[in-house]
Amino acid sequence: MKFDSIRKAVLVAAFVTAGAAPAISQAAPQCQNCGTVVSTHTYEREAQRGSGVGGVGGAVVGGLLGNKVGSGNGRTLATVAGAVGGAYAGNKLERNIKTDTYTDIRVKMARGGNRTFTEKGNPRLRRGDHVRVLQGRVVRD
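What comes next is a walk through the structure. (Residues numbered from 1 in each chain as written. Predicted model: local features only at pLDDT ≥ 70, side-chain atom pairs only at ≥ 80, totals over all residues. Heavy atoms only, no water.)

1. Regarding the overall build of the protein
Thought 1: If you tally the helices and strands in the protein, you get three helices and five strands.
Thought 2: Overall, the protein shows an N-to-C arrangement of helices and strands of α-β-α-α-β-β-β-β.
Thought 3: Looking at the 141 residues of the protein, the share that counts as buried comes to 20%. (Helix = DSSP H or I, 4+ residues; strand = E, 2+ residues; numbered from the N terminus. Buried < 20%, exposed > 50% of the residue type's maximum accessible area, 1.4 Å probe, protein only.)

Spelled out as structure tokens, the structure:
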């Protein structure tokens, strides 16, 4: 009789253990490409190069202004210097006008670590948003 109670206890323990095991192994897998937005930083970057319109316009204006200074060889030198300086200033002005807006999005990944993504344009995500990384882009989850 003592043997029957031990056998029943072992069977009950086996059933309880077997019943608990699937609950642990069936837990939802953690998303490998998911995360939470930690911060965003928006900034403007000037264009890498101008179209040339600013440089040409600046050279013309600078040359005209340089031509008003001095006489003889001094006037020629002032005209050339004015054209070169004007071209540089015109090109720089055009590049400053043609700025692009970028946003850096810092994401704390669910599996650990942080990643930063740079997107062109104004921010479309905010701190605390749950996101997923798809093909190198951040999308709201």
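2. Section: the packing of aromatic side chains
Each aromatic ring pair is summarised here by two numbers: the centre-to-centre distance and the angle between the ring planes.
Thought 1: What the rule picks out here adds up to one aromatic pair.
Thought 2: Taking the centre distance of 6.2 Å and the plane angle of 25° together, the rings of Y43 and Y102 count as stacked. A residue pair is termed long-range when its members are at least 10 positions apart, and Y43 in strand β1 (residues 34-46) and Y102 in strand β2 (residues 99-109) qualify at 59 residues.
Thought 3: Here Y43 falls in the partly exposed class, since its relative accessible area comes to 24%.
Thought 4: Relative accessible area serves as the criterion here: at 17%, Y102 is assigned to the buried category.
Thought 5: Sitting over the face of the ring of Y102, R45 holds its NZ or CZ atom 4.1 Å from the ring centroid. (Phe/Tyr/Trp six-rings, centres within 6.5 Å; stacked < 30°, edge-to-face > 60°. Lys NZ or Arg CZ within 6 Å of the ring centre and 35° of its normal.)

3. Remarks on helix α2 (residues 53-67)
Thought 1: Across its 15 residues, α2 extends 21 Å between first and last C-alpha, which sits within 8% of the 21 Å expected from 1.5 Å per residue.
Thought 2: Check the buried side of α2 and you find it contacts α3 (73-97). (Expected span 1.5 Å × (residues − 1). Contact = heavy atoms within 4.5 Å.)

4. Looking at the packing of α2 against α3
Thought 1: Two elements in contact, α2 and α3, have axes separated by 6 Å at closest approach and are oriented at 150°. With respect to each other, α2 and α3 are oriented roughly antiparallel. Of the two possible hands of crossing, α2 and α3 adopt the one that is right-handed. Packed against α2, whose contacting residues are V53, G54, G55, G58, A59, G62, G63, G66 and N67, the element α3 presents R75, A78, T79, G82, A83, G86, A87, G90, N91 and E94 at the interface.
Thought 2: Here the contact of α2 with α3 is composed, by residue class, of five nonpolar, twelve polar and two charged. (Axes fitted to C-alpha atoms, helices over the stretch in contact; angles between N-to-C directions. Parallel < 35°, antiparallel > 145°, perpendicular 65-115°, else oblique. Left-handed = near helix turned anticlockwise from the far one by under 90°. Nonpolar A, V, L, I, M, F, W, Y, C, P; charged D, E, K, R; others polar.)

5. What to know about the nonpolar core
Thought 1: Core analysis: the largest hydrophobic core is formed by nine residues, namely V37, I105, V107, M109, F117, L125, V131, V133 and V138.
Thought 2: The set of elements that each furnish at least two residues to this core consists of β2 and β4 (130-134).
Thought 3: Residues contacting L125, with those up to four places away along its chain left out, are V37, T40, I105, V131, V138 and R140. (Core = buried A, V, L, I, M, F, W, Y, C linked by side-chain atoms within 4.5 Å.)

6. Considerations on the pairing of β4
Thought 1: Going residue by residue along β4, you find V131 and V133 tucked away on one face and H130, R132 and L134 left uncovered on the opposite face.
Thought 2: Where β1 lies against β4, three bridges are found, and the strand directions are antiparallel. Within β4, the residue paired with C34 across the bridge is R132.
Thought 3: In this structure, β4 lies alongside strand β5 (residues 137-140), joined through four bridges in antiparallel fashion. By the bridge assignment, V131 is partnered in β5 with R140.
Thought 4: What sits between the antiparallel neighbours β4 and β5 is a turn of two residues, in which Q135 has the positive phi angle 55°. (Pairing = 2+ DSSP bridges.)

As far as function goes, none of this settles anything; it's purely spatial.
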